[in-house]
Amino acid sequence: MMTEPAIDRSAAAIDVQDLHKYFGDNEVLKGIDFHVDQGQVVCVVGPSGSGKSTLLRCVNRLEEPTSGRIVVEGVEITDPDVDVDKVRSRIGMVFQQFNLFPHLTVLRNLTIAQQRVRRRSKDEAVEVARTNLAKVGLADREDAYPAHLSGGQQQRVAIARALSMSPDMMLFDEPTSALDPELVGDVLDVMRDLASEGMTMMVVTHEMGFAREVGHKLVFMDGGVIVEEGDPRKVLADPQHERTQAFLSKVL
Amino acid sequence: MALSPRKRARISRGIQYAVLAVLVVAILLAVDFGELKRAFWNTEVIAEMFPDVLTVALKNTIIYTACGFSFGLVLGLVLALMRLSSVGPYRWVATGFIELFRGLPALVVFIALTFGIPLAFPGRLVPGGTLGVVTLALGLVGGAYMAETIRAGIQAVPKGQMEAARSLGMSHTRAMVSIVIPQAFRIILPPLTNELILLTKDSSLIYVVGLAAGAQELTKFGRETMNSTNNMTGLVVVGLLYLVITVPLAIVVRRMEARAERAR
């Protein structure tokens, strides 16, 4: 029996408690406690292999946590009886490699899950899709196939696709890391707009400028643990921990 | 005097063309064209074959192949999904089935279905008569081959596609049906065409059943004509009709591939 998730929007958007994750014998997450409040933009930074992407992917259970609790808007998603598809449909996800569906047009990329998962009518789905395409500045490309778009355009379509499900929050997994430098700005602009509308966002990124300017909280991870977290301006300007200092001296 | 590589290549190619031309001339001179035409392209025999060779034989070959391929495709998809299943027994059953029917000659399967079934289940035949036997036999053999092709196609779709579909809230089945399988079929279009062409030819094996006149397909029809006229013309005509099926098929698929390539 699937339990119907009772969504509580007054609770923390994401609440992670004592999360451990092993890949085989390799402990990638070593007891993470972490939370994102409603409307907050939290940026997660750290060297590669620090577990930041794994943490993000555990939040919509693309990775299965080994132990610990993850509560999203009052619903414990680590409960094996919870309907994980329903949980995921409320959490938008944007990937480093875009992962648009190459056999479908841009418009169909945005409508297919609305119709199949949200059960919206075709007309409603198309209307929502067009609104979101306009929001990311690609209203004129709805008939194109993904292969005919630049990387930056593909990533903006991917954001519009996630937004079309009317999610309560958005997860970004290094959204600009696969882009040519001159295309990064357009994608960050879209994310900045989203943040200013009050969207709850968890962003794994190397863009320290974005974290400083838009983020409400910065989390620095290394070796599967959270080393330091706090106001991005403070952490970036005056890191307390020596591992944070070492990392920031290399990337800033 | 040393020749430049370009000159040497030109001379070597010239020699190849000359040898080829001599061979062609020699063959043309050796052949008695009157005899050749009488034995292989006898217009009286050709006139006699029409229209039955089209309305019965060609039609039956197409129907047999279409039914066998359709059943094989569905079976192959089911077997491929079973091979990829996380449930052990599904994988084992599918693997055993695939190895069995890939290894057996199609002729053996036809004979087993025609004569083995009535022995194994006294008084029972494969339902659907001739068409039933062809569909089942071609489907079993073709399905076993296509299962491995389809499995490889599904595995060739990047993992991120499934993840993106699941992160939008699609169930595993929905993501397979709407996102992964359509992309897999684009990848495996060429080998699937191959399988369809092979099945077109294998449909001739139904002769072991012993066919009523109305159920004859191309090969059987050609052999009957050969026997009754004591002349090869019948076989030449049905041979050409096989090409009439397979060549347009190849052209259509090449077009579809080109269209899929543009969307890439």
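Quick caveat: nothing in here was measured; it's all calculated off a predicted structure.

1. Description of the overall build of chain A
At step 1: A tally of regular secondary structure across chain A gives nine helices and ten strands.
At step 2: The globule rule puts the C-alpha radius of gyration for 252 residues at 18 Å, and the 18 Å found for chain A is close to it.
At step 3: Overall, the C-alpha framework of chain A stretches about 55 × 50 × 35 Å when taken along its three principal axes.
At step 4: The proportion of buried residues among the 252 residues of chain A is 56%.
At step 5: The contacts in chain A between residues at least 6 apart in sequence include a share of 65% that link residues at least 24 apart.
At step 6: For chain A, the exposed surface amounts to about 10600 Å²; the carbon and sulfur share of it is 45%.
At step 7: Charged side chains of chain A number 28 positive and 39 negative; the gap between the two group centres comes to 4 Å.

2. Focus on the interface of chain B and chain A
At step 1: At the interface, 20 residues of chain B touch 26 residues of chain A.
At step 2: Interface area, chain B with chain A, both sides summed: about 1900 Å², of which 60% is carbon and sulfur.
At step 3: A salt bridge links Arg-57 of chain A to Glu-163 of chain B, with the nearest nitrogen and oxygen atoms 2.7 Å apart.
At step 4: For the pair chain B and chain A, the number of links is six residue pairs in polar contact (both at pLDDT 80 or more).

3. Observations regarding the nonpolar core
Side chains of a nonpolar character, in soluble globular proteins, are inclined to be buried together.
At step 1: Of all hydrophobic cores here, the largest spans 81 residues; its most connected members are Ile-14, Phe-34 and Met-202 of chain A together with Phe-110 of chain B.
At step 2: In terms of residue count, helix H7 (residues 129-156) of chain B provides more of this core than any other element does, eleven residues in total.
At step 3: Listed in part, the 46 residues of the second largest apolar core include Leu-110, Ala-144, Leu-163 and Val-190 of chain A.

4. A short note on the pattern of salt bridges
At step 1: Using the criterion set out here, one finds 23 salt bridges over all chains in the structure.
At step 2: Note that Arg-192 of chain A is salt-bridged to Asp-189 of chain A, the shortest N-O span being 2.8 Å. Of this pair, Arg-192 of chain A and Asp-189 of chain A both sit in helix H6 (residues 181-196), three residues apart, roughly one helical turn.
At step 3: Taking relative accessible area as the criterion, Arg-192 of chain A reaches 26% and is therefore assigned partly exposed.
At step 4: Classification of Asp-189 of chain A by relative accessible area gives partly exposed; the value is 36%.
At step 5: Because the salt bridges share partners, they merge into one network encompassing Arg-57 and Glu-63 of chain A together with Glu-163 of chain B.

5. What about H7 of chain B?
At step 1: In this model, H7 of chain B (28 residues) spans 39 Å end to end at C-alpha, consistent with the 40 Å of a helix rising 1.5 Å per residue.
At step 2: A maximum bend of about 30 degrees is found in H7 of chain B at Gly-143 of chain B.

6. Observations regarding helix H9 (residues 242-251) of chain A
Residue and element names in this part refer to chain A.
At step 1: Among all positions in H9, only Thr-244, Phe-247 and Leu-248 are buried. Projected down its long axis, H9 carries its buried residues within an arc of 95 degrees, all on one side. Turned more than 90 degrees away from the buried face of H9, the exposed residues are Glu-242, Ser-249 and Lys-250.
At step 2: Residues of H9 that are buried in the fold lie against strand E3 (41-45), helix H7 (208-214), strand E9 (217-222), strand E10 (225-230) and helix H8 (232-237).

7. A few points about the UniProt feature "transmembrane region" (unreviewed entry) in chain B
All names here are of chain B.
At step 1: With numbering matched to this structure, UniProt assigns "transmembrane region" (unreviewed entry) to residues 14-31, 62-82, 103-121, 127-147, 168-189 and 232-253.
At step 2: End C-alpha atoms of residues 14-31 are separated by 26 Å, and the span's content is 94% helix alongside 0% strand.
At step 3: Each end of residues 62-82 is marked by a C-alpha atom, and these two atoms are 30 Å apart; helix forms 100% of the span and strand 0%.

8. Let's talk about the environment of Ala-175 of chain B
All names here are of chain B.
At step 1: Looking at the secondary structure, you find Ala-175 in helix H9 (residues 172-187).
At step 2: Ala-175 sits in the buried class, given a relative accessible area of 0%.
At step 3: Ala-175 sits 108 residues away from Cys-67 along the chain, and the two C-alpha atoms are 28 Å apart.
At step 4: For Ala-175, the contacting residues outside a window of four places in its chain are Met-162, Ala-165, Arg-166, Met-170 and Val-180.

9. Considerations on the confidence of the model for chain B
Residues and elements named next belong to chain B.
At step 1: Per-residue confidence for chain B gives a mean pLDDT of 88, with 98% of residues at or over 70.
At step 2: Here helix H3 (residues 43-49) stands out as the least confident element of chain B, with mean pLDDT 79; helix H8 (residues 159-167) is the most confident, with 96.
At step 3: Both scores are given for the predicted complex: the pTM is 0.83, the ipTM 0.91.

Quick notes on the rules
- Residues numbered from 1 in each chain as written.
- Chains lettered and ligands numbered in written order.
- Predicted model: local features only at pLDDT ≥ 70, side-chain atom pairs only at ≥ 80, totals over all residues.
- Heavy atoms only, no water.
- Helix = DSSP H or I, 4+ residues; strand = E, 2+ residues; numbered from the N terminus.
- Rg over C-alpha atoms; globule rule 2.2 N^0.38 Å.
- Buried < 20%, exposed > 50% of the residue type's maximum accessible area, 1.4 Å probe, protein only.
- Contact = heavy atoms within 4.5 Å.
- Areas by Shrake-Rupley, 256 points an atom, 1.4 Å probe, with all protein chains shown as cover.
- Lys, Arg positive; Asp, Glu negative; His and termini not counted.
- Charge placed at Lys NZ, Arg CZ, Asp CG, Glu CD.
- Buried area = accessible area lost by both parts, 1.4 Å probe.
- Salt bridge = Lys/Arg side-chain N within 4 Å of Asp/Glu carboxyl O.
- Polar contact = N/O pair within 3.5 Å; in protein donor to acceptor, adjacent residues only side chain to side chain.
- Core = buried A, V, L, I, M, F, W, Y, C linked by side-chain atoms within 4.5 Å.
- Expected span 1.5 Å × (residues − 1).
- Bend = angle between axes of the 7 residues up to and from the residue.
- Arc of directions from axis to C-beta.
- UniProt positions renumbered as here; feature names shortened; annotations may be inferred.
- pLDDT = per-residue confidence, 0-100.

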